Amino acid sequence: MSGAESWAARWRSLVVDRDHQRGTDQRDGDPKRDPWTTRADRFAAYSQQVDPADPFWRRIQAALRPTDTVLDVGAGAGRYAAPLAQRAKTVIAVEPSPAMRQHLAARLADAPNVQVVGAAWPTDDLPIADLTICAHVVYGVREIAPFLRALDQHTRRLCLIAIRVDQPPGLEPLSKALFGAARVPQPALLDLYGALLELGIAADVQIFPATGSFRFADQEGAVAHYRDRLRLPPASAQADQLRELVLAQLIQDADGQWRWPGPVPRTAIVSWSKDAPE
C-alpha cells in the first residue's frame, strides 16, 4: 500500500480490479447480476450443517446469551442463522442474493423468531443487535468503510467477523495457466484490520486453520468449485482445460477428502466489544 493510500481505498481497488479481471460486474446485492445464481444450490448443500469444531461457531456460542438478538449480515443459506434460531431470542438474517435467500427462507420457514431481510448491507430500519456476525462476506464489498461502520453502529455488545488470512488455494496457478495472468488478490485479514483501524476500531484477532471450505467430498465437486470461482461457463474449452488442471493437482487426505496441495489455509476471527469485557 502506498503511503498516501488509505486502507479503504486499497480495499476498493482490490475488489474493482478483481471484478474487471473476471470480465464481470456481478456483485453481491445486485438482484439483476446475482453472482450466486449458479452456485447457491451447491453452497446450500455444503452449509446444511455447521461443523461443531468450526472456530467461528465456537466463538459465537461462547458469546451468545439466550436473551440475545443476533444480526447475521450475509447469512447465505443459513449455516449460522439456522442453529442460532434455536439458541437466541431473535435472529435477523440479512441476505442480498435472491438465489441464496430462497434457500435461507426455506430453511428458516418454521423459525418464528427469525426475520429474513432481502437487502444489501448497510440497510436502514433494523434494530440494534446484541451480537453481530459476518462470516466470509466482505470479499465483494467495494465500500468497506460504511459497511464496517454500520456493523459497529448496529451492535450493542460484540461484533464478530470471519475472514481469510491467506488467498484461496489453487486460484493463482489456475489463473496463470488459463489466462496467462496473475490473479488479483481478494481483500484479506490485513486489509480488514487496517480498514477497522481507520475507523478507530482496534479489534482482537484469532487465527485458525480453515475448516472444510477448500476440501471436497469428490473430485468433481472440486472442479465445480474452481470453475465457479474463475467464472468459467460449464460447457467451454476453458472449463475442460480447467478440469484437466485440477484433476492433475488434487490430493486426497486420509479422511477421503480432496484438496489443492500445499499448506492448509487459515481463517481469522476479528472481533471487538462495545461494552466491558465479558
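Up top is the structure these notes are about.
(A) Focus on the overall build of the protein chain. Scanning the protein chain for helices and strands turns up 10 helices and 10 strands. In the protein chain, which comprises 278 residues, the share counted as buried stands at 50%. Within the protein chain, counting contacts between residues at least 6 apart in sequence, those at least 24 apart form 72% of the total. Summed over all atoms, the accessible surface of the protein chain reaches about 13,100 Å², with 51% contributed by carbon and sulfur.

(B) Broad picture of the environment of R164. For R164, the location among the structural elements is in strand β5 (residues 155–164). Residue R164 is classed as buried on the basis of its relative accessible area, which comes to 13%. Between the C-alpha atom of R164 and that of L190, which follows or precedes it by 26 residues, the distance is 9.6 Å. Among residues more than four places away in sequence, those in contact with R164 are H136, Y139, Q186, A188, L189, F214, R229, R266 and T267.

(C) Structural view of the packing of aromatic side chains. Taken as a whole and assessed by the stated rule, the structure comprises 4 aromatic pairs. Here F56 and Y80 contribute two aromatic rings whose centre-to-centre distance is 5.4 Å and whose plane-to-plane angle is 75°, an arrangement assigned as edge-to-face. You can see F56 sitting in helix α3 (residues 55–63) and its partner Y80 sitting in the loop between β1 (69–73) and α4 (81–85), a full 24 residues away along the chain. The exposure classification of F56 matches that of Y80, with both residues buried. Pairwise contacts between aromatic rings join F56, W57 and Y80 into one cluster. The ring of Y139 carries R164 above its face, with NZ or CZ at 4.5 Å from the centroid.

(D) Layout of the packing of helix α7 (residues 171–179) against helix α10 (residues 237–249). Closest axis-to-axis distance for the α7/α10 pair is 11 Å, and the angle between their directions is 135°. Relative to α10, α7 is oriented oblique. Relative to α10, α7 is oriented so that their crossing is right-handed. Facing L174, A177, L178 and F179 of α7, the residues of α10 in contact are Q238, Q241, L242, L245 and V246. A class-by-class count of the residues in the contact of α7 with α10 yields 7 nonpolar, 2 polar and no charged.

(E) Up close: the pattern of salt bridges. Applying the stated rule across the entire model yields 12 salt bridges. Here R10 ties to D191 by a salt bridge, and the two come within 2.4 Å at their closest N and O atoms. Taken as a pair, R10 in helix α1 (residues 7–22) and D191 in helix α8 (residues 189–198) lie far apart in primary sequence, 181 residues in all. With a closest N to O distance of 3.6 Å, D152 and K274 form a salt bridge. With a gap of 122 residues between them, D152 in helix α6 (residues 144–153) and K274 in the segment after β10 (266–273) connect regions that are remote in the sequence. Several salt bridges share partner residues, and in doing so they unite R215, D253, D255 and R259 into one network.

(F) Looking closely at α7. Three or more residues of α7 are buried, namely L171, L174, S175 and L178. With its buried residues spanning 100° around the axis, α7 presents them on a single face. Elements that come into contact with the buried residues of α7 comprise α9 (219–229) and α10. Where α7 ends, the next residue or the one after it, G180, has phi of about 70°, a positive value.

(G) Just the state of the cysteines, in detail. Tallying each qualifying case throughout the model produces 0 disulfides. The cysteine C159 is free of any disulfide, with C134 supplying the nearest cysteine sulfur at 7.3 Å. Given a relative accessible area of 0%, C159 falls into the buried group.

Rules used throughout
Residue positions within a chain follow its written sequence, with the count starting from 1. The model is predicted, so local features are restricted to residues of pLDDT at least 70 and side-chain atom pairs to those at 80 or more, both for listing and for counting; the totals for chains, interfaces and linings are taken over all residues. Heavy atoms throughout the structure, all of them, feed into the side-chain values; hydrogens and water do not. Every helix listed is a DSSP run of H or I at least four residues long, and every strand listed is a run of E at least two residues long, numbered separately from the N terminus. Remark: exposure states derive from per-residue accessible area (1.4 Å probe, protein chains only) relative to the maximum for the residue type, with buried under 20%, exposed over 50%, and partly exposed in between. Two residues qualify as a contact provided that any one of their heavy atoms is within 4.5 Å of a heavy atom in the partner residue. Here the Shrake-Rupley method, with its probe set to 1.4 Å, supplies the accessible areas, and only the displayed protein chains count as covering residues. Here a Phe, Tyr or Trp ring, Trp counted by its six-membered ring, pairs with any other such ring whose centre lies within 6.5 Å, and the pair is stacked when the planes are under 30 degrees apart, edge-to-face when over 60, and tilted otherwise. Over a ring means this: the NZ of a Lys or the CZ of an Arg is within 6 Å of the ring centre and within 35 degrees of the ring normal. Interaxial angles span 0 to 180 degrees and are taken between N-to-C directions of axes, which are lines fitted to C-alpha atoms, for helices over the stretch in contact. Angles below 35 degrees are treated as roughly parallel, those above 145 as roughly antiparallel, those between 65 and 115 as roughly perpendicular, and all remaining angles as oblique. Crossing handedness is read from the near helix: turned anticlockwise from the far helix by less than a right angle, it gives a left-handed crossing, and turned clockwise, a right-handed one. Residue polarity follows a fixed list, in which Ala, Val, Leu, Ile, Met, Phe, Trp, Tyr, Cys and Pro are nonpolar, Asp, Glu, Lys and Arg are charged, and the others, Gly among them, are polar. The working definition used for a salt bridge is a side-chain nitrogen of Lys or Arg within 4 Å of a carboxyl oxygen of Asp or Glu. The arc in question is the one traced by the directions running from the helix axis out to the C-beta atoms. When the sulfur atoms of two cysteines come within 2.5 Å, that pair is taken as a disulfide.

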